[in-house]
Structures are given as C-alpha cells and as structure tokens.
Amino acid sequence: GGIITQTPKFLIGQEGQKLTLKCQQNFNHDTMYWYRQDSGKGLRLIYYSITENDLQKGDLSEGYDASREKKSSFSLTVTSAQKNEMAVFLCASSIGPDTQYFGPGTRLLVL
Amino acid sequence: QQKVQQSPESLIVPEGGMASLNCTFSDRNSQYFWWYRQHSGEGPKALMSIFSNGDKKEGRFTAHLNKASLYVSLHIKDSQPSDSALYFCAVRKNNNNRIFFGDGTQLVVKP
C-alpha cells in the first residue's frame, strides 16, 4: 500500500500572510487534488492535476495557487490568508479519475 | 454542473440498528459512484464503489444504485459505535476527471 503525507499538520498564520501547504504520495498515482473542508462539512475542490506540471482549477481556486513539481508532490499556496479563517485542507491522489486516497489533512487557523 | 445531495444531514441510530443514507445526483450521464467515510480528525477513506444498477453487498454494508432515478443509497446493518463518522457520496461521469462529492451525512451510533 501507499501513503499520503501532508505537511504541516497544523498551520497558524497571520492575516495577509502567504502560506504554503505540501503533499507527498508514494502510490505512484498520476492525479492529485486539493480540497478545503470547513467545520466537518463537505469537500470543496480547489485545484487538481492530472500529471506532472498540469494544473486544473476547481470550484474554489480564487485566493489559492498550486504547483505540481513532480509526480509525487503537489503544493498549495494560500495567497493572502483571511483573518479568522479556519479550515482543513485535504490532499488526495488517484489513478486517473478512479478511487481517491486522502491524506490526514492540514489544519489552518488565521489569527 | 453536477449537483450531489445527501440526506439526512445527520442520523442517530442505536447500536445494532440499521442506518440508511441517501444520495441523489443531477447528471443522467453519471456512471461511477462511491461512498467515502471520514472519522473525526482523519481524511476520508473510500468505503465501497458501485457502478451497476442494483445492490452491492460488502459485509454489513449494502449500496444500492438506480441510475434512472438518479439515486444511490448506503445501508449499514448491525451498526457499531465505530461506524460513527461523516459519510460522503461521490459521483463521476464516464469521460470526466471530476468526482463530485455530496455534503455528507453525519452518522452517530449510540451504544
């Protein structure tokens, strides 16, 4: 089996700060995703990438940048953190559009 | 854009009881369906997939699909406290990389 690692586990930032979240997978999956989850609610797709150097916008891409540096890694940047923002960012990977495997999440709090 | 709606939002069942979760989708071209489960503090994990109309049983879990009625459901027999989690329905069209998730049903199994 494989694993998805997300760093950091917790991220506390200041309003207006640029914050970067990282995701690594060793499944050798081609497709990777970033989702945002607020307060145990639904998953909103921010960006996804179907191969190295590819980037596709999801439903919530405004305010975020992403980068697929290599097949195994996918980064997400919050371009300007919003005060009192609190959310969990989940990374996932899959073979094509098949079953997605999720990481444990990065919990963000903006002061 | 695909709309995936789950009901109920939350559900409480006694230990040993049957839990029934419902999901409707809007796109008649949808072909592939999953149920994901997310325990508190973790990322979602795929529970089971169903691609053909009818029932699919895996242990205590039975998924039911009716594409013509735009409906998929999950039934958990002999519910256990460890089944307490947030359950997501996920839907995909055949020729599209996007999986669309519902907003989830929060299941609590009371001992």
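The structure this text deals with has already been given above.
The structure displayed is predicted, hence computed values, not measured ones.

What counts, and where the lines are drawn
- For every chain, the first residue of the written sequence is number 1, and numbering continues from 1 onward in sequence order.
- For naming, the first written chain is A and the first written ligand is 1, with later ones following in the order written.
- At least 70 in pLDDT is required for a residue's local features to be given in this predicted model, at least 80 for side-chain atom pairs to be given and counted, and no such filter applies to totals for whole chains, interfaces and linings, which use all residues.
- To obtain the side-chain values, all non-hydrogen atoms of the structure were included, while hydrogens and water were left out.
- Runs of H or I in DSSP of at least four residues are treated as helices and runs of E of at least two as strands, each being numbered from the N terminus.
- Atoms counted for the radius of gyration: C-alpha only. Globule rule: 2.2 Å times the number of residues to the power 0.38.
- Accessible area is worked out with a 1.4 Å probe on protein chains only. A residue is then buried under 20% of its type maximum, exposed over 50%, and partly exposed in between.
- Residue contacts are defined here by distance: any two heavy atoms, one from each residue, within 4.5 Å place the two residues in contact.
- Each accessible area is a Shrake-Rupley estimate made with a 1.4 Å probe; only the visible protein chains count as cover when residues are assessed.
- Charge convention: Lys and Arg are scored as positive, Asp and Glu as negative, and His as well as the terminal groups of each chain are ignored.
- Positions of charges follow a simple convention, taking NZ of Lys, CZ of Arg, CG of Asp or CD of Glu.
- At least two DSSP bridges between two strands are needed for those strands to be called paired.
- Throughout, an axis means a line fitted to C-alpha atoms (over the contacting stretch in the case of helices), and angles, computed between N-to-C directions, take values from 0 to 180 degrees.
- Polar contact criterion, stated in full: a pair of N or O atoms within 3.5 Å, where within protein one must be able to donate a hydrogen and the other to accept it, and residues adjacent in sequence count only if both atoms are side-chain atoms.
- We call Phe, Tyr and Trp rings a pair once their centres come within 6.5 Å, taking the six-membered ring for Trp, and we label the pair stacked below 30 degrees between planes, edge-to-face above 60, and tilted otherwise.

*Asks:* I keep staring at the overall build of chain A and nothing clicks. Help me out?
*Replies:* Within chain A, the secondary structure is distributed over zero helices and 11 strands. Taken from the N to the C terminus, the helices and strands of chain A come in the order β-β-β-β-β-β-β-β-β-β-β. In summary, chain A has a C-alpha radius of gyration of 13 Å against a globular reference of 13 Å for 111 residues, a match within 12%. For the C-alpha atoms alone, the extent of chain A along its principal axes is close to 35 × 25 × 20 Å. Each of the 111 residues in chain A was classed as buried or not, and the buried ones make up 50%. Across chain A, contacts joining residues at least 24 apart in sequence account for 54% of those joining residues at least 6 apart. As presented, chain A carries roughly 5400 Å² of accessible surface, and 49% of it is formed by carbon and sulfur atoms. Each charge class in chain A can be summarised by its mean position, and for the 12 positive and 11 negative side chains these summaries are 6 Å apart.

*Asks:* Which parts of the structure should I look at to understand the sheet that holds strand S3 (residues 19-25) of chain A?
*Replies:* Sheet strands line up and pair through hydrogen bonds in the backbone, either parallel or antiparallel. Residues and elements named next belong to chain A. The four strands lie next to each other as S1-S3-S8-S7, forming an open sheet whose pairing is antiparallel. The outermost strands of the open sheet, each flanked by one partner alone, are strand S1 (4-7) and strand S7 (64-70). Along the sheet, successive strands turn relative to each other by an average axial angle of 15°, direction set aside. Taken together, the six bridges between S3 and strand S8 (residues 73-78) define a ladder with antiparallel strand orientation.

*Asks:* Help me understand the sheet that holds strand S6 (residues 54-58) of chain B, please; the structure alone is not making it clear to me.
*Replies:* Residues and elements named next belong to chain B. Strand order across the open sheet formed by five strands is S1-S3-S8-S7-S6, with antiparallel pairing between neighbours. Only two strands of the sheet have a single partner each, and these edge strands are strand S1 (4-7) and S6. Taken over all neighbouring pairs, the strand axes of this sheet differ in orientation by 15° on average, direction set aside. By the bridge criterion, five bridges tie S6 to strand S7 (residues 61-66) in an arrangement that is antiparallel. When the bridges of S7 are listed, Lys56 appears paired with Ala63.

*Asks:* Which parts of the structure should I look at to understand the environment of A:Ser73?
*Replies:* Residue and element names in this part refer to chain A. Along the chain, Ser73 falls in strand S8. For Ser73, a relative accessible area of 6% corresponds to the buried category. C-alpha separation for the pair Ser73 and Thr20, spaced 53 residues apart in sequence, amounts to 13 Å. Among all residues touching Ser73, those that are not within four sequence positions of it are Cys23, Gln24, Met32, Ser67 and Arg68. Looking at Ser73, its side chain comes within polar contact range of the side chain of Glu69, at 3.0 Å.

*Asks:* What's the story with the packing of aromatic side chains in this structure? I'm lost.
*Replies:* Two numbers describe a pair of aromatic rings. These are the distance of the centres and the angle of the planes. Evaluation of the coordinates by the stated rule reveals 13 aromatic pairs over all chains. Between A:Phe27 and A:Tyr101, the ring centres sit 4.9 Å apart and the planes meet at 35°, which makes this aromatic pair tilted. With A:Phe27 in the loop between S3 and strand S4 (31-37) and A:Tyr101 in strand S10 (residues 101-102), this residue pair connects regions lying 74 residues apart in the sequence. What makes A:Phe27 partly exposed here is its relative accessible area of 23%. Take A:Tyr101: its relative accessible area is 39%, and that puts it in the partly exposed class. Note on B:Trp34 and B:Phe51: the rings are 5.7 Å apart at their centroids and 75° apart in plane angle, and the pair reads as edge-to-face.

From the geometry alone we can't say anything about function, so treat these as descriptive.
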